[in-house]
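As a plain string of letters, each chain reads:
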Amino acid sequence: MHSETLSELSQAGLHIAIQDIKDDLFDTPECDYAIAQLLSQWGLDEQAEQLLDEMLLKWGTSPDVLTLTQRGYAKMKGSDLFADNDEPIVQPPKTVPAKLHIVAA
């Protein structure tokens, strides 16, 4: 009788989890993002990063796709302030509305 190693069982579980994600989210950027997050959680950062890179080629550079890829890179880096090139994601400064003085003429 053939006995499988723990590693083989883990890989099989990972493939089942990926297939479940694909079944639930179909072929969408969100699906690819969820799979990249799963791969990263399993310590497969190189595969996760490759999937995020492929997202840009597959889905283009729409704002939604860019947001997902930046979020994915940031989570892999352990910070939500950095993208894949270690440059901070620039967030617009908070502005205060100007005070207007009305003068009657």
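This text goes with the structure placed above it.
Residues numbered from 1 in each chain as written. Predicted model: local features only at pLDDT ≥ 70, side-chain atom pairs only at ≥ 80, totals over all residues. Heavy atoms only, no water.

A. Representation of the environment of Glu 30 in the model. Mapped onto the elements, Glu 30 comes out in helix H2 (residues 29–41). Residue Glu 30 is classed as partly exposed on the basis of its relative accessible area of 40%. When the C-alpha atoms of Glu 30 and Asp 64 are compared, they prove to be 9.3 Å apart, with 34 residues separating the residues in sequence. What Glu 30 contacts, discounting residues up to four positions off in sequence, is Leu 25 and Leu 68. (Helix = DSSP H or I, 4+ residues; strand = E, 2+ residues; numbered from the N terminus. Buried < 20%, exposed > 50% of the residue type's maximum accessible area, 1.4 Å probe, protein only. Contact = heavy atoms within 4.5 Å.)

B. Focus on a negative patch on the surface. The grouping of Asp 45, Glu 46, Glu 49, Asp 53 and Glu 54 at the surface amounts to a negative patch. Mapping Glu 54 onto the fold places it in helix H3 (residues 45–59). (Patch = residues over 30% accessible without salt bridge, like charges linked within 9 Å, V, L, I, M, F, W, Y side chains within 5 Å. Areas by Shrake-Rupley, 256 points an atom, 1.4 Å probe, with all protein chains shown as cover. Salt bridge = Lys/Arg side-chain N within 4 Å of Asp/Glu carboxyl O. Lys, Arg positive; Asp, Glu negative; His and termini not counted. Charge placed at Lys NZ, Arg CZ, Asp CG, Glu CD.)

C. Focus on the nonpolar core. Of all hydrophobic cores here, the largest spans 17 residues; its most connected members are Ile 18, Ile 35, Leu 39, Leu 52 and Met 55. Residue contributions to this core peak at six residues, all from H2. Apart from the residues lying within four places of it in its own chain, the contact partners of Leu 39 are Leu 14, Ile 18, Leu 44, Asp 45, Gln 47, Ala 48 and Leu 51. (Core = buried A, V, L, I, M, F, W, Y, C linked by side-chain atoms within 4.5 Å.)

D. The arrangement of H2 in detail. For H2, spanning 13 residues, the distance from its first C-alpha to its last is 18 Å, which sits close to the expected 18 Å at 1.5 Å a residue. H2 sits mainly inside the fold: ten of its 13 residues count as buried. Residues of H2 that are buried include every one of Pro 29, Cys 31, Asp 32, Tyr 33, Ile 35, Ala 36, Gln 37, Leu 38, Leu 39 and Ser 40, and no others. Where H2 terminates, the next one or two residues include Gly 43, which has phi positive at roughly 80°. (Expected span 1.5 Å × (residues − 1).)

E. Representation of the environment of Gly 72 within the structure. Structurally, Gly 72 is set in helix H4 (residues 63–77). Sequence separation between Gly 72 and Ala 36 is 36 residues; the distance between their C-alpha atoms is 7.3 Å. Once residues within four sequence positions are removed from consideration, Gly 72 is found in contact with Tyr 33, Gln 37 and Leu 52.

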